Amino acid sequence: MFGGDGGFAAADQSDANYFYGEYVYLEIHRSANGGLDIQGFFDNLLHRVIMQALAAQVADGNILKLVEKFLRAGVMENGVFKPTTVGTPQGGVVSPLLANIVLNHLDWQLQERGYHFVRYADDFVVLTQTKAQAEEALPFIAQTLEKLGLKLSPDKTRITTYKGGYSFLGFVLSRRSRRMRPKSVQKFQDKVRELTPRHHNLDASVIEKLNQVIRGTALYFTPPWATTRWKLGRLDAWLRMRLRAMWAKRKRMTDNHRLHNKKLAQLGLLSLQSFCPNSTP
């Protein structure tokens, strides 16, 4: 449903739709943090279903044969070759595209029933005006997915409200705030830790690599509707602490005065918080 900058656009559209009603969100995505979870989505997509959906959109037999070879190419696990008779590789270059094509059927069914929804690959939310409508949508979605050879995970399926909040595409969206999901924060910190081990030297190459992570994270998590400024400021402070420990080969509060924020900025370090709307450079 969304491509290119689709993750950002889908989250934006999902948040914009909260005016639709009180019991608005019936979540359906792979996240372990709630929603209707499609059980092993990429692992359980039937090749027959994929090829039928693709053939309905693509007439070129050569393309169809190429995709079929990709699906049956097999995978290497711990040095052992394993054939693939079902599913599409998660992380594969064409897997999100194939997921979109297969789930077009679900989109059409939801539209026909008049449901409001936002989808990005296999992550999506369905909006209803009442809790009763959400409860009615649940079995309909389960039946539609069943025709595609997919199942909902009962342990990870729930109906929620905008007031209660829900996780979608890296954000936790609610009436009160639109903040970074804890897993997104952890992912950012893990990347920074990889680049800032204390036994390495702090040099221009470290700053350059960090800036790539900072820029990518900030550009995604600073749309006008997000409430991430405070959290991004805390992450900036944590990142500077990592750099001071890397520079001094130790972790002490007194090193804050030895390597000032201004000095780090002179070295070219970007700030997450500076990407927030109305922030001064």
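Further up the page is the structure itself.
On a predicted model such as this, the values are computed, not experimentally measured, just so you know.

Here's the deal with the overall build of the protein chain
Here is step 1 of the chain: Secondary structure summary: the protein chain contains eleven helices and eleven strands in total.
Here is step 2 of the chain: Looking at the protein chain residue by residue over its 281 residues, the buried ones come to 44%.
Here is step 3 of the chain: Sequence-distant contacts, at least 24 apart, represent 68% of the contacts inside the protein chain between residues at least 6 apart.
Here is step 4 of the chain: A total accessible area of about 15,600 Å² is found for the protein chain, and carbon and sulfur atoms account for 51% of it.

Section: the side chain of S184
Here is step 1 of the chain: When you line up the elements, S184 lands in helix α7 (residues 182–195).
Here is step 2 of the chain: Look past the residues within four positions of S184 in its chain and what remains in contact with it is G170 and F221.

Quick look at the pattern of salt bridges
Here is step 1 of the chain: Per the stated rule, a full pass over the model turns up three salt bridges.
Here is step 2 of the chain: Linking R72 and E68 is a salt bridge whose minimum nitrogen-to-oxygen distance equals 3.0 Å.
Here is step 3 of the chain: Note that D107 is salt-bridged to R119, the shortest N-O span being 2.7 Å. One end of the pair, D107, is in helix α5 (residues 95–113); the other, R119, is in strand β5 (residues 116–120), and twelve residues separate them in sequence.

With respect to unusual backbone geometry
Here is step 1 of the chain: You will see that L169, though not glycine, has its phi angle at about 50 degrees, which is positive.
Here is step 2 of the chain: With respect to the helices, strands and loops of the structure, L169 is situated in the loop between β9 (166–168) and β10 (171–173).
Here is step 3 of the chain: At K249, a residue that is not glycine, the phi angle is positive and equals roughly 60 degrees.
Here is step 4 of the chain: In this fold, K249 is placed in the loop between α9 (229–248) and α10 (255–258).

Focus on the environment of Q189
Here is step 1 of the chain: With respect to the element layout, Q189 can be found in helix α7.
Here is step 2 of the chain: When the C-alpha positions of Q189 and L235 are compared, they lie 8.2 Å apart, and in sequence the two are 46 residues distant.
Here is step 3 of the chain: Each residue touching Q189, except ones within four places of it in the same chain, is listed here: L235 and W238.

Thoughts on the sheet that holds β10
Here is step 1 of the chain: With antiparallel pairing, three strands are arranged side by side in an open sheet as β9-β10-β11. Unpaired on one side and paired on the other, β9 and β11 (178–180) mark the two borders of the sheet. In this sheet, neighbouring strand axes are inclined to one another by 30 degrees on average, regardless of whether the strands run parallel or antiparallel.
Here is step 2 of the chain: Where β9 lies against β10, three bridges are found, and the strand directions are antiparallel. The residue bridging S167 from the neighbouring strand is V172, located in β10.

Brief notes about the packing of aromatic side chains
Here is step 1 of the chain: One pass over the full model with this rule turns up five aromatic pairs.
Here is step 2 of the chain: Note on F171 and W225: the rings are 5.0 Å apart at their centroids and 50 degrees apart in plane angle, and the pair reads as tilted. Of the two residues, F171 is situated in strand β10 and W225 in the loop between α8 (204–221) and α9; the sequence distance between them amounts to 54 residues. The pair formed by F171 and W225 is uniform in burial state, with each residue classed as buried.
Here is step 3 of the chain: For the ring pair Y220 and F221, a centre distance of 5.0 Å and an interplane angle of 80 degrees mean the geometry is edge-to-face.
Here is step 4 of the chain: The structure contains a cluster of three or more aromatic residues connected by ring pairs, namely F171, Y220, F221 and W225.

What counts, and at which threshold
- Residues numbered from 1 in each chain as written.
- Predicted model: local features only at pLDDT ≥ 70, side-chain atom pairs only at ≥ 80, totals over all residues.
- Heavy atoms only, no water.
- Helix = DSSP H or I, 4+ residues; strand = E, 2+ residues; numbered from the N terminus.
- Buried < 20%, exposed > 50% of the residue type's maximum accessible area, 1.4 Å probe, protein only.
- Contact = heavy atoms within 4.5 Å.
- Areas by Shrake-Rupley, 256 points an atom, 1.4 Å probe, with all protein chains shown as cover.
- Salt bridge = Lys/Arg side-chain N within 4 Å of Asp/Glu carboxyl O.
- Pairing = 2+ DSSP bridges.
- Axes fitted to C-alpha atoms, helices over the stretch in contact; angles between N-to-C directions.
- Phe/Tyr/Trp six-rings, centres within 6.5 Å; stacked < 30°, edge-to-face > 60°.

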